[in-house]
2 protein chains.
Amino acid sequence: MLTLYGYWRSSAAYRVRIACHHKGLAFDNRSVHLVRDGGEQHLPAYGVLNPNHLVPTLVDGDLILNQSLAIIEYLDEAYPMPALLPEGPVARAKARALAQNIASDCHPLNNLRVLKYLGSELKASEAQKTAWYHHWIKTAFEGLELQLEQTSGEFCVGDEVSIADVCLVPQVYNAERFKVALDDYPLIRAITARCRALESFSLAAPEQQPDAL
Amino acid sequence: MLTLYGYWRSSAAYRVRIACHHKGLAFDNRSVHLVRDGGEQHLPAYGVLNPNHLVPTLVDGDLILNQSLAIIEYLDEAYPMPALLPEGPVARAKARALAQNIASDCHPLNNLRVLKYLGSELKASEAQKTAWYHHWIKTAFEGLELQLEQTSGEFCVGDEVSIADVCLVPQVYNAERFKVALDDYPLIRAITARCRALESFSLAAPEQQPDAL
C-alpha cells in the first residue's frame, strides 16, 4: 500500500490525492500539520523522508519520493490505467506545460513559507500579502485561460482528465479561499466544475481529509 | 528545425539549450530580450506564442510549447536518444523530483518578475532582494545536497546526465552570479564541474549566446 504524507490544505498534496483516487489506488493518508507547533514538516523525522521539509512525500515500498508532479508521473508509469497523461508526445507536452504553469509559475510563489517570509523579513502587511497572492494567481490564470482556448475540450486537454486538471482544481481552491475573482476565466471555471463532479476529485478535496479543521 | 525563443541569462531557457545540445538537435536560437524596452516578452507578438509572457518557448512544426520541463520531456519523447530521463520508473521519478526541486521550489521565487515586484510593490531594498535570493537558493540546495547523497554517481542520478543535471547547472550559474557561497554543497559543486566539462553544457552557457552582453 502507498503512504502519502500530506496536509489537507496543501495544494501539492491535494494533487497527489486526486491522482491516487483517479487511479483507484489505496493510500495511507498521513497528516503533516503545516501550522501546528511551528510546522511538523520541520521535524527531523520528517526531514529523513523529505529533506526539503515540504509536503507531499509518497512512499511506495523502498521508494521515497517528493515533488507532486514527479509523484504523479511516477504513478502514471507504475500504475498506468486510467492514465493521467494523454497519448502522443504533443498532447502529453500540452498537458505537462499546463500543469507546470500552475506548479512552477504560480503555486510556489503563494506557498505558506513564502507568505511567512514576506511578513517576517519584508514586513509585508496582510493587505500586501493578499495583493501578492492575487497578483500571481491572476497572472497565471490569464495565460492559462488563453492556452485552454487552444487545448481544452471537456477538460484541460481534450475530453479526458489529465495531470493538468489535477493541478488546476487545487489552484482554483486556493483562489477561492483567498477570494480571487474568477469572472474573467470561464474555461477555468467550467473545467473545474466538471472535475469537481467526479468522485476522484471530491474524495480528494481538502474538507474531506481527516486533518481538516 | 526547432526554434527556441529564449534569453541568454534565463535559466529556464538555458535548461532547454542544454537539452537540445545534448541530443544534437539544431535549433534557431531567437532572443527575447527580458530587459530591453521594458522586456520584449511583454510584446503582443510574443504573447501569441507564449500567453504567459515568459521564456522559453519551443516551436517544432505546428507545436508551440512553453515550460522548460515540459519542453525537455517532449524532446525526450520525440527525439529519444541520447535520453535525458533514466530507464525505469524509480530512477525517472528521482530525476524528475530533483529537477522539480529546482524548477518549482527554487527558481520561480528568484525570477526577474518576482524581484521586480519585491522592489516596486513591497519596496524591498537591494540588500533585502539579495537576502531573498540567497535564502531560497540555500533552502533548495540544502535539501538537494542531502538527496544527492542518495541518488548521485558521476551525475545527479547515477552516472548518466539527466534532466536533473540540466536543471542543476543553470541554478548554480544563478547562485554564482549572486555570490551565494557553495562551500556546504560539495556534491552540487562536483556534479556541476563534471557537467561543465561536457560540450552540451558549455555550448549552452549564457556567455556563449549571441544576445549575451
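Residues numbered from 1 in each chain as written. Chains lettered and ligands numbered in written order. Predicted model: local features only at pLDDT ≥ 70, side-chain atom pairs only at ≥ 80, totals over all residues. Heavy atoms only, no water.

Caption draft 1: Here's a closer look at helix 7 (residues 163-177) of chain A. Residues and elements named next belong to chain A. Taking 1.5 Å of rise per residue, 15 residues should cover 21 Å, and helix 7 covers 22 Å from first to last C-alpha, within 8% of that figure. For helix 7, the buried fraction is high: 13 of the 15 residues fall into the buried class. K179 sits one or two positions beyond helix 7 and adopts a positive phi of about 60°. (Helix = DSSP H or I, 4+ residues; strand = E, 2+ residues; numbered from the N terminus. Expected span 1.5 Å × (residues − 1). Buried < 20%, exposed > 50% of the residue type's maximum accessible area, 1.4 Å probe, protein only.)

Caption draft 2: Representation of the layout of surface pockets in the model. In this structure, the largest pocket encloses a volume near 1100 Å³. Residue lining of the largest pocket: 49 residues in total, with L34(A), L54(A), N111(A), L112(A) and R113(A) positioned closest to the centre. Of all the secondary-structure elements, those providing two or more residues to the lining of the largest pocket are helix 1 (11-22), helix 3 (68-78), helix 5 (112-120), helix 6 (126-151) and helix 7 of chain A together with helix 6 (126-151) of chain B. At 6 residues, the largest contribution of residues to the lining of the largest pocket is made by helix 6 of chain B. If you trace the second largest pocket, you find 46 residues lining it, with L34(B), L54(B), N111(B), L112(B) and R113(B) closest to the centre. Looking at the lining of the second largest pocket, the elements with two or more residues in it are helix 6 of chain A together with helix 1 (11-22), helix 3 (68-78), helix 5 (112-120), helix 6 and helix 7 (163-177) of chain B. No other element matches helix 5 of chain B, which puts 6 residues into the lining of the second largest pocket. Of the residues belonging to the lining of the second largest pocket, the class tally is 17 nonpolar, 20 polar and 9 charged. (1 Å grid on protein atoms, 1.4 Å probe; cavity = no way out; pocket = protein on both sides within 12 Å on 5 of 7 lines; lining within 4 Å. Points joined across faces, edges and corners; volume = space filled by probe spheres on them. Nonpolar A, V, L, I, M, F, W, Y, C, P; charged D, E, K, R; others polar.)

Caption draft 3: Focus on the environment of V169(B). All names here are of chain B. Among the secondary structure elements, V169 is positioned in helix 7. Sequence-wise, V169 and A193 are 24 residues apart; in three dimensions their C-alpha atoms are separated by 8.8 Å. Not counting residues within four places of it along the chain, the set of residues in contact with V169 comprises Y14, T192, C195, R196 and F201. (Contact = heavy atoms within 4.5 Å.)

Caption draft 4: Structural view of unusual backbone geometry. Residue and element names in this part refer to chain A. Of the consecutive residues V55 and P56, the connecting peptide bond is found in the cis state with omega at 5°. Looking at the element boundaries, P56 is found in the loop between helix 2 (44-49) and strand 3 (57-60). You will see that H53, though not glycine, has its phi angle at about 55°, which is positive. Tracing the backbone shows H53 in the loop between helix 2 and strand 3. For Q67, which is not glycine, the phi dihedral falls at a positive 75°. Along the chain, Q67 turns up in the loop between strand 4 (63-66) and helix 3. Taking relative accessible area as the criterion, Q67 reaches 9% and is therefore assigned buried.

Caption draft 5: Layout of the relation of the copies chain B and chain A. Screw-axis analysis of chain B against chain A gives a translation of 0.0 Å along the axis, an RMSD of 0.0 Å, and a rotation angle of 180°. Those values place the two copies in the arrangement expected of a two-fold rotation axis. The C-alpha atom lying nearest the rotation axis in chain B is that of S104(B); the distance is 2.1 Å. When the interface residues of chain B are mapped onto chain A, 100% of them are again interface residues, pointing to one common binding face. (Least-squares fit on C-alpha atoms with pLDDT ≥ 70 in both.)

Caption draft 6: Main features of the UniProt feature "domain: GST N-terminal" (unreviewed entry) in chain A. UniProt's entry tags residues 1-83 of chain A with the feature "domain: GST N-terminal" (unreviewed entry), counted in the numbering of this structure. This span, residues 1-83 of chain A, is 35% helix and 22% strand, and a straight line between its end C-alpha atoms measures 19 Å. (UniProt positions renumbered as here; feature names shortened; annotations may be inferred.)

Caption draft 7: Region of the structure containing the sheet that holds strand 1 (residues 2-6) of chain A. All names here are of chain A. Within the open sheet, the 4 strands sit side by side as 2-1-3-4. Their pairing is mixed. The open sheet terminates on both sides in strands that have one partner only, identified here as strand 2 (27-31) and strand 4. Taken over all neighbouring pairs, the strand axes of this sheet differ in orientation by 20° on average, direction set aside. The strands touched by helix 1 are strand 1 and strand 2; relative to strand 1, the strand with the most contacts, the crossing angle is about 155°. Packing against the sheet, helix 3 makes contact with strand 1, strand 3 and strand 4, and its axis sits at approximately 135° to strand 4. (Pairing = 2+ DSSP bridges. Axes fitted to C-alpha atoms, helices over the stretch in contact; angles between N-to-C directions.)

Caption draft 8: Seen up close, the nonpolar core. Among the nonpolar cores identified, the biggest contains 146 residues, and W132(A), F141(A), W132(B) and F141(B) are the most heavily contacted of them. Excluding its chain neighbours within four sequence positions, the residues that come into contact with F141(B) are Q171(B), V172(B), A175(B), L182(B), Y185(B) and I188(B). (Core = buried A, V, L, I, M, F, W, Y, C linked by side-chain atoms within 4.5 Å.)

Caption draft 9: Spotlight on the pairing of strand 2 (residues 27-31) of chain B. Residues and elements named next belong to chain B. In the sheet, strand 1 (residues 2-6) pairs with strand 2 via 5 bridges, with the strands oriented parallel. Of the residues in strand 2, the one forming a bridge with Y5 is R30. Handedness of the crossover is the feature at issue here: the chain leaves strand 1, passes through helix 1, returns alongside strand 2, and the resulting connection is right-handed. (Right-handed = clockwise from strand over helix to strand, strands pointing away.)

Caption draft 10: The arrangement of the UniProt feature "domain: GST C-terminal" (unreviewed entry) in chain A in detail. Within this structure's numbering, the places UniProt gives as "domain: GST C-terminal" (unreviewed entry) are residues 88-213 of chain A. Note that residues 88-213 of chain A is 65% helix and 0% strand, and that its end C-alpha atoms are spaced 42 Å apart.

Caption draft 11: Just the packing of helix 6 of chain A against helix 8 (residues 186-196) of chain A, in detail. Residues and elements named next belong to chain A. At their nearest, the axes of helix 6 and helix 8 sit 8 Å apart, and the two run at 75° to each other. When the axis of helix 6 is compared with that of helix 8, the two are roughly perpendicular. Along the contact surface, helix 6 presents F141, L144, E145, L148 and E149, while helix 8 presents P186, L187, I188 and I191. For the contact of helix 6 with helix 8, the residue count by class is 7 nonpolar, no polar and 2 charged. (Parallel < 35°, antiparallel > 145°, perpendicular 65-115°, else oblique.)

Caption draft 12: The sheet that holds strand 2 of chain B, seen in detail. Residues and elements named next belong to chain B. A sheet is described by the order of its strands in space; here 4 strands give the open sequence 2-1-3-4, paired in mixed fashion. Since the sheet does not close on itself, it has two edges, and those belong to strand 2 and strand 4 (63-66), each with one partner. Direction aside, the axes of adjacent strands within the sheet are offset by 20° on average. Relative to strand 3 (residues 57-60), strand 1 is paired through 3 bridges, and the arrangement is antiparallel. Along strand 3, the bridge assignment pairs L4 with L58.

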